[in-house]
Amino acid sequence: MKIIISARNLTKLYDSIKAVDALNLEIAQGEFFGFLGPNGAGKTTTIRLMTGIIEPASGEITIAGNAYPNLKPILNLIGVVPESRGFYEWMTAKEYLSFFASLYNIPNPQKKIEELLGKVNLSERKSSMIGTLSRGMKQRLGLARALINDPKILFLDEPTLGLDPQGQEEIQNLLRQLNKDGVTIFLSSHQLNEVSNLCSRVAIINKGKLVAEGTIEELQKKTKLEGSTLKDIFLTLTNDKHV
Ligand SMILES: Nc1ncnc2c1ncn2[C@@H]1O[C@H](COP(=O)(O)OP(=O)(O)OP(=O)(O)O)[C@@H](O)[C@H]1O
Ligand SMILES: [Mg+2]
């Protein structure tokens, strides 16, 4: 098993808040990894740290053998679907992807863009201004953007938030296919059914700290909740009343 993402003692402070607190995580190549935690647990902050958007106060991150702050080789390996996307509402879907293709120096960008628009089912809307797209379409465009450089690792922060069941399923099917094609996936989501269906292993954090990690069966054993849903396990492990 080759470890492709590793965080060691990762810590990030916002004033006195420890958004991420001595977090240790290891994700193997090809894994579909679920990253869970209540609101404010530190999931987005962890993804921002792992993708180089913010710097840790202390600790180490290694992505495919490259340790921060040596960022350059990492940027070509990863794709990110962030929590909130700063879309350029006045660009068309195609212009938006062209812009990112040029940032990454993608060879033969038009071919790549048509392929991605097809993959996320937006070919018919490629000339629509982003401001006129529905929420689900914007999410799919964000995913297409994250795939522009054929990433080996894809980080997604609540990619199906606010989508209808069909929209959720479309994104889930795309992610499942990408993972089958060998992409390592790091998925943060509050949709616990989605996580149960997709992920081979999960970690749960609370107040910046790792609470548990393992396969769903392992977490069922750990919490003595054999046969229970991930939701029950999650609620048990993140219940603070004993603290
Ligand atoms: N830019 C910032 N400035 C100050 N505090 C921040 C900042 N970003 C995050 N925090 C704080 O860090 C903690 C973790 O926030 P984070 O956004 O990582 O949580 P999360 O797990 O992604 O939550 P959610 O499920 O609501 O998206 C929270 O207490 C939050 O208020
Ligand atoms: Mg978040």
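Fair warning: this is a prediction, and the values are worked out from it, not measured in the lab.

Participant: With reference to specific residues and values, describe the coordination of the magnesium ion (ligand 2).
Facilitator: Looking at the magnesium ion (ligand 2), one finds its protein donor set to be T44 (OG1) and E83 (OE), positioned 2.0 to 2.2 Å from the metal centre. Of this pair, T44 sits in helix α1 (residues 43-50) while E83 sits in the loop between β6 (78-81) and α3 (93-103), and the two are 39 residues apart along the sequence.

Participant: Outline the nonpolar core, supporting the account with residue identities and numerical values.
Facilitator: Counting 48 residues, the largest nonpolar core has L141, L143, L154, L175 and I185 as the members making the most contacts within it. Among the domains, domain 1 (1-77 + 156-243) and domain 2 (85-150) are the pair contributing at least three residues each to this core. Ignoring sequence-local partners within four residues, the contact set of L175 consists of F32, L143, L154, L156, I185 and L187. By size, the runner-up hydrophobic cluster in this structure holds 25 residues, among which are L49, I153, A203 and I205.

Participant: Talk me through the environment of K222; I want residue IDs and the actual numbers.
Facilitator: If you trace the backbone, K222 turns up in helix α8 (residues 216-222). Along the backbone, K222 and V211 are 11 residues apart, and their C-alpha atoms lie at a distance of 11 Å. Once you skip the residues sitting within four places of it in the chain, K222 turns out to touch V211, A212 and L237.

Participant: Describe the sheet that holds β6, naming the residues involved and giving the relevant values.
Facilitator: Pairing in this open sheet of six strands is mixed, and the strands run β6-β7-β8-β3-β9-β10 from one edge to the other. Taken across any chain shown, the strands that pair with only one partner, and hence form the sheet edges, are β6 and β10 (209-214). Pairwise comparison of adjacent strand axes, ignoring direction, gives a mean angle of 15° for this sheet. Examined bridge by bridge, strand β3 (residues 32-36) and strand β9 (residues 201-206) share four bridges and lie parallel to one another. The partner of L36 across the bridge, within β9, is I204. Packing against the sheet, helix α6 (residues 165-180) makes contact with β3, β7 (153-157) and β8 (184-188), and its axis sits at approximately 150° to β8.

Participant: Outline the pattern of salt bridges, listing residues and values.
Facilitator: Inspection of every chain in the model, using the stated rule, returns 10 salt bridges. E170 is the salt-bridge partner of R140, the closest N and O atoms lying 2.9 Å from each other. Of the two residues, R140 sits in helix α5 (residues 135-146) while E170 sits in helix α6, which places them 30 residues apart along the sequence. The buried category is assigned to R140, whose relative accessible area is 11%. Taking the relative accessible area as the measure of exposure, E170 reaches 31% and is therefore partly exposed. The residue E213 makes a salt bridge to R201 at a minimum N-O spacing of 2.9 Å.

Cut-off values and rules
- Residues numbered from 1 in each chain as written.
- Chains lettered and ligands numbered in written order.
- Predicted model: local features only at pLDDT ≥ 70, side-chain atom pairs only at ≥ 80, totals over all residues.
- Heavy atoms only, no water.
- Donors = N, O, S within 2.8 Å, 3.2 Å for Na, K, Ca; no water.
- Helix = DSSP H or I, 4+ residues; strand = E, 2+ residues; numbered from the N terminus.
- Core = buried A, V, L, I, M, F, W, Y, C linked by side-chain atoms within 4.5 Å.
- Buried < 20%, exposed > 50% of the residue type's maximum accessible area, 1.4 Å probe, protein only.
- Domains from an automatic or database assignment.
- Contact = heavy atoms within 4.5 Å.
- Pairing = 2+ DSSP bridges.
- Axes fitted to C-alpha atoms, helices over the stretch in contact; angles between N-to-C directions.
- Salt bridge = Lys/Arg side-chain N within 4 Å of Asp/Glu carboxyl O.

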